[in-house]
Amino acid sequence: APVVTSNMLKFFSITVTDGVAFTITKTNSTSGQTAIIMIINSSGGAMGAITWTGYKLAGAAFTGPANLKNHTLTFVDINGTIRESARTSAEVDN
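Residues numbered from 1 in each chain as written. Predicted model: local features only at pLDDT ≥ 70, side-chain atom pairs only at ≥ 80, totals over all residues. Heavy atoms only, no water.

To find the voids left in a structure, one rolls a probe of water-molecule size over its atoms. Roughly 230 Å³ of internal volume is contained in the largest pocket. Lining the largest pocket are 18 residues, and of these Phe12, Thr27, Ser29, Ala35 and Tyr55 sit closest to its centre. Listing elements by their share of the lining of the largest pocket, those giving two or more residues are β1 (9-16), β2 (22-25), β3 (34-41) and β6 (69-78). Looking at the lining of the largest pocket residue by residue, the classes come out as 9 nonpolar, 6 polar and 3 charged. (1 Å grid on protein atoms, 1.4 Å probe; cavity = no way out; pocket = protein on both sides within 12 Å on 5 of 7 lines; lining within 4 Å. Points joined across faces, edges and corners; volume = space filled by probe spheres on them. Helix = DSSP H or I, 4+ residues; strand = E, 2+ residues; numbered from the N terminus. Nonpolar A, V, L, I, M, F, W, Y, C, P; charged D, E, K, R; others polar.)

Another point: unusual backbone geometry. At Leu68, a residue that is not glycine, the phi angle is positive and equals roughly 65°. In this structure, Leu68 sits in the loop between β5 (55-56) and β6. With relative accessibility at 53%, the residue Leu68 sits in the exposed group. Positive phi outside glycine occurs at Asn79, with the angle close to 55°. With respect to the helices and strands, Asn79 occurs in the loop between β6 and β7 (81-87). Residue Asn79 is classed as exposed on the basis of its relative accessible area of 67%. (Buried < 20%, exposed > 50% of the residue type's maximum accessible area, 1.4 Å probe, protein only.)

One pass over the structure, following the stated rule, counts 4 aromatic pairs. On the basis of an interplanar angle of 85° and a centroid distance of 5.7 Å, the ring pair of Trp52 and Phe62 is categorised as edge-to-face. Of this pair, Trp52 sits in strand β4 (residues 50-53) while Phe62 sits in the loop between β5 and β6, and the two are 10 residues apart along the sequence. Note on accessibility: Trp52 and Phe62 belong to one class, buried. Taking the centre distance of 4.8 Å and the plane angle of 65° together, the rings of Tyr55 and Phe75 count as edge-to-face. Within this pair, whereas Tyr55 is found in strand β5, its partner Phe75 is found in strand β6, the two being separated by 20 residues in sequence. Accessibility expressed as a relative area gives 15% for Tyr55, which makes it buried. For Phe75, a relative accessible area of 1% translates into the label buried. (Phe/Tyr/Trp six-rings, centres within 6.5 Å; stacked < 30°, edge-to-face > 60°.)

By secondary structure assignment, the location of Asn41 is in strand β3. Reaching out from Asn41, the side chain makes a polar contact with the backbone oxygen of Pro65 at a distance of 2.8 Å. For Asn41, the residues in contact, after removing those within four places along its chain, are Val16, Ala46, Met47, Pro65, Ala66, Asn67, Leu68, Lys69 and Asn94. (Polar contact = N/O pair within 3.5 Å; in protein donor to acceptor, adjacent residues only side chain to side chain. Contact = heavy atoms within 4.5 Å.)

Overall, the coordinates contain 2 salt bridges when judged by the stated rule. Asp93 serves as the salt-bridge partner of Lys69, at 2.4 Å between the closest nitrogen and oxygen. In this pair, Lys69 sits in strand β6 while Asp93 sits in strand β8 (residues 92-93), placing the two residues 24 residues apart along the sequence. In this structure Lys69 comes out as partly exposed when scored by relative accessible area, which is 25%. The class for Asp93 is exposed, based on a relative accessible area of 52%. (Salt bridge = Lys/Arg side-chain N within 4 Å of Asp/Glu carboxyl O.)

Here is the structure:
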């Protein structure tokens, strides 16, 4: 059976404080590793667009959350390809 260790799961929160577009870039990961990324909008309005470099989003494009809301996405590294496996279906209050 596979062994699940704490270093296989990484959590990141990104608090957006302005409307400037930004990029989230894949860095070192290990096959089988899961990354959970929470995008928190505290910009006072619409946040800038996100470019996902090295990530494969599932289906629909990602739309940033409204001010004072957040979205969480989960990604899994499958042999070097970072694939989205889940995301919140609705915005969550900060």
